[in-house]
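Results of the structural survey
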Amino acid sequence: MDIVLVTTVIASLFLVIGAAEPLAARLRLPYSVILAVLGVMIGAGAIFFLQTDLTDALNPVAEAILGLPIRSNVFLYVFLPTLLFQATLGMNLRRMMDDWVPILVLAVVAVVVATLSVGYALHWASALPLAACLLIGAIVSTTDPSAVVSIFRSISAPRRLARIIEGESLLNDAAAIALFGLFMGFVMLGVPNPNLSDALAQFPVLIAGGAFVGWLAARIVVWIMGLFIRHELAQITISVALPYLAYIGAEQSIGASGVIAVVAAGLTLNLTGPGRLPPQAWSNLRELWDVLAHWAGALIFILAAFLIPRLLEEVRVEDFVLIGVVVLAAIAARAVILFGLLPLLTVLRISPTVERPYRAAILWGGLRGAVTLALALAVTESFRVPDGIQRVVGILATGFVLFTLIVQGTTLRWIIGRLGLDRLSPIDEALSRQVVAVALQTVREDVARTTENYELSQEIVRSEAKRFGERLDDAVRTAEDSADILDRDRVTLGLIALAGHERDTILARVRERTISSRMAEQVLSDADRLIEGTRTGGRMGYNRAARRSVAYGRAFRVAGLLHSRLRLPGLLARMTADRFELLLSQRLVLRDLGAFIDGRIRRIHGRRLADLLHELLSRRIEAVETALEGLRLQYPGYAEELERRFIRRTALRLEEREYTAMREDGLIGAEVYTKLMADVAARRVAAEERPRLDLALERIELVRQFPLFADLDDLGQKRLGRAFQTRYANAGEVIIRKESPARSVYFIASGAVELEAAGQTWRLGRGEMFGQMAILVKKARRAEVRAIAPSTLLVLDETRFRRLLSRSKALQEAVLASAEKRGIETSELLPPEIGPPGEAKPK
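Criteria and thresholds
- Residues numbered from 1 in each chain as written.
- Predicted model: local features only at pLDDT ≥ 70, side-chain atom pairs only at ≥ 80, totals over all residues.
- Heavy atoms only, no water.
- Helix = DSSP H or I, 4+ residues; strand = E, 2+ residues; numbered from the N terminus.
- Buried < 20%, exposed > 50% of the residue type's maximum accessible area, 1.4 Å probe, protein only.
- Contact = heavy atoms within 4.5 Å.
- Areas by Shrake-Rupley, 256 points an atom, 1.4 Å probe, with all protein chains shown as cover.
- 1 Å grid on protein atoms, 1.4 Å probe; cavity = no way out; pocket = protein on both sides within 12 Å on 5 of 7 lines; lining within 4 Å.
- Points joined across faces, edges and corners; volume = space filled by probe spheres on them.
- Nonpolar A, V, L, I, M, F, W, Y, C, P; charged D, E, K, R; others polar.
- Phe/Tyr/Trp six-rings, centres within 6.5 Å; stacked < 30°, edge-to-face > 60°.
- Pairing = 2+ DSSP bridges.
- Axes fitted to C-alpha atoms, helices over the stretch in contact; angles between N-to-C directions.
- Patch = residues over 30% accessible without salt bridge, like charges linked within 9 Å, V, L, I, M, F, W, Y side chains within 5 Å.
- Salt bridge = Lys/Arg side-chain N within 4 Å of Asp/Glu carboxyl O.
- Lys, Arg positive; Asp, Glu negative; His and termini not counted.
- Charge placed at Lys NZ, Arg CZ, Asp CG, Glu CD.
- Expected span 1.5 Å × (residues − 1).
- Bend = angle between axes of the 7 residues up to and from the residue.
- Left-handed = near helix turned anticlockwise from the far one by under 90°.
- Polar contact = N/O pair within 3.5 Å; in protein donor to acceptor, adjacent residues only side chain to side chain.

A few words on the overall build of the protein chain. Along its length, the protein chain carries 32 helices and 8 strands. Buried positions account for 50% of the 843 residues belonging to the protein chain. Sequence separation of at least 24 residues holds for 78% of the intrachain contacts in the protein chain that already meet a minimum separation of 6. By element, 59% of the accessible surface of the protein chain is carried by carbon and sulfur atoms, the whole surface being about 40200 Å².

Under the criterion given, the structure shown has 5 cavities of 30 Å³ or more. Considered as a void within the structure, the second largest cavity measures approximately 70 Å³ in volume. Every residue lining the second largest cavity is listed: L106, A110, V111, A114, S141, E168, N172, A330, A333, R334 and R368. Among the elements of the structure, α6 (100–125), α9 (159–189) and α14 (317–347) are those that each provide at least two residues to the lining of the second largest cavity. Counting residues per element, the lining of the second largest cavity draws most heavily on α6, at 4 residues. When grouped by side-chain class, the residues that make up the lining of the second largest cavity number 6 nonpolar, 2 polar and 3 charged.

This brings us to the packing of aromatic side chains. With the rule as written, the count across this model stands at 6 aromatic pairs. Plain terms: the ring middles of F14 and W295 are 5.6 Å apart, the flat faces sit at 90 degrees to each other, and that makes the pair edge-to-face. Residue F14 is found in helix α1 (residues 3–27), and its partner W295 is found in helix α13 (residues 279–311); the two are separated by 281 residues along the sequence. Judged by its relative accessible area of 32%, F14 falls in the partly exposed class. The class of W295 is partly exposed, set by a relative accessible area of 39%. Ring geometry for F724 and F747: centres 5.6 Å apart, planes at 70 degrees, overall edge-to-face. A residue pair is termed long-range when its members are at least 10 positions apart, and F724 in the loop between α29 (714–723) and β1 (725–729) and F747 in strand β3 (residues 744–750) qualify at 23 residues. Summarising the burial analysis for this pair, F724 and F747 share the class buried.

With antiparallel pairing, 4 strands are arranged side by side in an open sheet as β2-β7-β4-β5. Either end of the sheet is taken by a strand with one partner, and the two such strands are β2 (734–736) and β5 (760–764). Across the sheet, the mean angle separating the axes of adjacent strands is 30 degrees when strand polarity is ignored. With 4 bridges connecting them, strand β4 (residues 753–757) and strand β7 (residues 784–787) associate as antiparallel partners. When the sheet's bridge partners are listed, V753 is paired in β7 with A787.

On the surface, a cluster of positive charge is made up of R719, R722, R803 and R807. Of all elements in the fold, only α29 and α31 (798–807) reach the threshold of two or more residues within the positive patch. One can find R722 in helix α29. Judged by its relative accessible area of 48%, R722 falls in the partly exposed class.

Attention shifts here to helix α4 (residues 72–89). The end-to-end C-alpha separation of α4 is 25 Å, in line with the 26 Å expected for 18 residues at 1.5 Å each. Along α4, the sharpest kink reaches roughly 40 degrees, centred on L80 and followed within four residues by the proline P81.

With that out of the way, let us pick up the sheet that holds β3. Within a sheet, adjacent strands bond to each other through the backbone by hydrogen bonds, running parallel or antiparallel. Strands sit in the order β1-β8-β3-β6 across an open sheet of 4 strands; the sheet is antiparallel. A single partner strand is all that each edge strand has here, and the edge strands are β1 and β6 (769–770). Here β3 runs beside strand β8 (residues 791–797); their pairing, made up of 6 bridges, is antiparallel. Note on β8: the bridge partner recorded for V745 is L796.

Another point: helix α17 (residues 387–418). Helix length check: α17 (32 residues) gives 44 Å between terminal C-alpha atoms against 46 Å at 1.5 Å per residue, within 8%. Along its length, α17 reaches its greatest deviation from straightness, about 50 degrees, at L412. Residue G420 follows α17 closely and has a positive phi angle near 80 degrees.

Further remarks concern the pattern of salt bridges. On inspection of all chains with the given rule, the structure shows 14 salt bridges. Here E615 ties to R619 by a salt bridge, and the two come within 2.5 Å at their closest N and O atoms. Taken together, the residues span about one helical turn, with E615 and R619 both in helix α25 (residues 607–634) at a distance of 4 residues. According to the relative accessible area criterion, E615 is partly exposed, its value standing at 37%. The exposure class assigned to R619 is partly exposed, which follows from its relative accessible area of 44%. The shortest N-O distance in the salt bridge between R786 and E784 comes to 3.1 Å. The partly exposed category is assigned to R786, whose relative accessible area is 33%. We classify E784 as partly exposed; its relative accessible area is 21%. What you see here is one network of salt bridges that share partners, running through R587, R591 and E625.

This part is about the side chain of T404. Looking at the secondary structure, you find T404 in helix α17. Setting aside chain neighbours within four positions, we find T404 in contact with G366, L367, R368 and G409.

This part takes up the packing of helix α20 (residues 487–512) against helix α23 (residues 570–590). With their axes 10 Å apart at the nearest point, α20 and α23 run at an angle of 115 degrees to one another. Crossing of α20 against α23: the hand is right-handed. For the pair formed by α20 and α23, the contact residues are E502, T505, I506 and R509 on the first element and L588, V589 and L590 on the second. By residue class, the composition of the contact of α20 with α23 is 4 nonpolar, 1 polar and 2 charged.

With that settled, the discussion passes to the environment of Y542. If you trace the backbone, Y542 turns up in helix α21 (residues 517–550). Under the relative-accessibility criterion, Y542 is labelled buried at 1%. A C-alpha to C-alpha distance of 8.4 Å links Y542 and E532, two positions 10 residues apart in sequence. Excluding its chain neighbours within four sequence positions, the residues that come into contact with Y542 are L495, L498, A499, E502, L530, G533, T534 and R620. Side chain to side chain, Y542 and R620 meet in a polar contact 3.1 Å long.

That is the geometry; function is a separate question.
Below is the structure:
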């Protein structure tokens with residue numbers, strides 16, 4: 001085939017792809033539907049011109065189009081890894097984990113249910129073997145989310161909903177292709193009725209093997225990227241190889257799922273890349289993958305659509321009945337999951353609520369696309385699959401794809417309108433009015449400065465200012481006097497605006513490199529939780545999300561157990577260092593929000609709401625300061641190193657800004673500027689390196705700061721530091737329950753607890769202990785102890801505590817003082833061989 005002609009055809013396809021997006025926007029149809037229609041028209045047109053006697057002039061072009069090497073392997077090995085890899089890079093994984101239950105239910109359970117439903121329905125309605133029917137079920141169970149996600153974004157649907165749909169699509173491709181591989185094997189081996197238990201038993205092996213290969217490949221690639229830290233183009237180029245090597249390695253080396261391998265590789269790079277690559281390199285890498293995925297997604301749709309006329313050449317009347325069976329079974333299976341299983345999980349409190357209108361939109365928005373056609377093409381190409389099965393698979397899969405694109409795709413926006421999802425809620429309507437008022441006020445100030453700079457006619461300026469002022473007054477009055485907005489909702493509006501500004505401030509700090517790229521995603525995730533929590537729960541939702549941002553999570557506790565039980569400190573050290581940097585970043589951002597409240601919020605909502613927001617902000621700052629102070633007390637040396645690192649990075653940013661200003665003013669030339677910026681970049685690499693946290697050394701240093709252990713010698717303090725176990729408690733968590741057996745004593749390293757016994761309460765803070773009384777009197781605990789702030793506790797078992805008590809007079813005095821404070825008889829607390837402090841031990 002002439003290379004010039006092929007190049008012309010491919011270049012023309014890019015013209016079609018470029019024109020499809022504005023055409024879809026103009027026609028208000030999903031982009032994928034337009035691509036599919038154009039692809040079908042081009043494919044049908046090429047067949048028509050080859051077979052017609054009207055003209056032969058276009059035969060070379062038609063032959064070039066139909067002669068393109070469109071095989072299933074091209075879709076599965078070239079385009080699919082690109083789409084999956086980019087999707088994982090673009091995900092906010094921390095926010096995705098909040099909705100992992102509905103994502104897994106829709107992605108895995110729904111795929112299995114759809115496969116079985118379609119398979120058994122077809123087996124009942126046709127003479128096809130069960131294996132072939134289940135193969136068709138697996139092929140049509142994968143969904144394309146692009147249409148419904150783009151519409152949800154255009155109507156300002158909750159971000160969480162788009163995350164659920166995108167996460168579902170990413171994982172259900174993997175699940176569907178894994179099931180396809182299983183049932184394809186049965187069909188090729190001629191097994192008509194496979195044992196489903198044996199088939200599904202292989203499923204976890206495919207998943208686990210693919211995940212391991214993808215993780216390993218990504219770790220190797222990240223390590224190689226770290227060697228080329230100053231060569232951005234080399235790093236980006238290496239990333240292009242990762243998804244393909246992971247896919248081929250999993251498929252060809254161990255027979256695992258290549259799709260899962262690509263997903264695991266992308267997730268691993270998403271988690272580790274921002275901390276290993278310079279911020280600009282990571283940003284450019286993601287932009288490149290965005291472009292590659294846009295091209296791959298468009299090409300896979302339009303090339304797959306070329307095949308539709310060819311796949312439907314042998315269609316029969318009875319095939320339409322089977323297509324109807326597939327459509328009904330697939331929709332019914334998805335409806336069972338969305339309206340049956342998902343609400344049940346919500347009732348059991350293991351899944352967030354997904355409102356009924358959104359579930360209906362997700363049901364109708366489950367379009368099928370290029371992956372379904374690619375899998376069907378793989379069946380039609382296999383010489384080991386009987387011809388009759390090839391024909392039916394190709395026709396049913398193609399017919400189902402056309403139904404979802406033409407019927408569901410073209411009516412999806414109308415369905416969303418009928419469900420009322422395209423209308424703003426009262427609170428969102430009020431928020432839009434608030435945004436207009438704030439924006440116009442800023443515009444008036446900027447216009448006033450501009451007119452002064454240009455020295456325009458005062459009469460014209462006054463006339464336009466008056467006209468603009470009237471519009472501004474109307475906007476402010478509309479925002480303030482909304483009769484349908486309650487005071488509670490006004491607080492919600494103010495908190496949404498505050499959380500939105502917090503997110504903008506974080507992005508600005510990341511661009512300035514005051515907040516490291518390692519922490520950027522986590523801090524932004526916390527800000528997104530604030531926004532979504534406020535939208536759904538108002539003031540309580542905001543406070544809940546704020547408390548969560550400083551609380552110890554489950555992963556932190558798991559890391560603590562690994563360190564204390566198995567002596568594996570690596571994960572805890574890394575998470576403690578992350579917590580340090582996260583709290584420093586939060587404090588930096590929160591201190592910038594007061595000016596926003598005094599400026600824009602006060603102007604729009606008045607003094608009372610501004611004062612309330614100041615109070616809430618002060619509480620957040622206090623919580624962050626308390627958590628940060630606790631870490632400082634635990635790890636004093638490390639906190640100092642982190643603060644020094646922050647100062648160095650700030651100095652480098654300011655230095656870089658000065659050099660840029662001098663270059664723009666013409667004070668230095670390009671050669672000098674390049675040399676200076678290279679020096680800054682070299683020093684920034686060292687400044688971005690986070691200091692190492694040695695938990696053992698820091699814990700020994702912490703023990704030395706306890707007044708209770710001041711009379712121990714250096715060796716005793718070191719041994720005690722190694723004997724302690726660490727426990728992390730969030731505010732409100734019960735540490736000791738009444739009537740529980742007494743086995744340990746707790747020393748407060750940071751935070752505070754409240755002890756309740758016999759109707760009385762005592763508050764204990766840093767340096768104090770609790771739990772010792774029940775051990776010394778040898779009775780069940782009569783007090784309940786609850787954390788009242790995020791606290792770090794050092795735990796000592798009974799045997800070691802008694803041994804320590806026997807040789808520490810400071811500890812003996814503390815035990816007696818605590819007993820007297822609580823009205824407990826002290827004469828029998830200390831064993832006879834110890835005796836009260838200050839008395840000689842009996843010989």
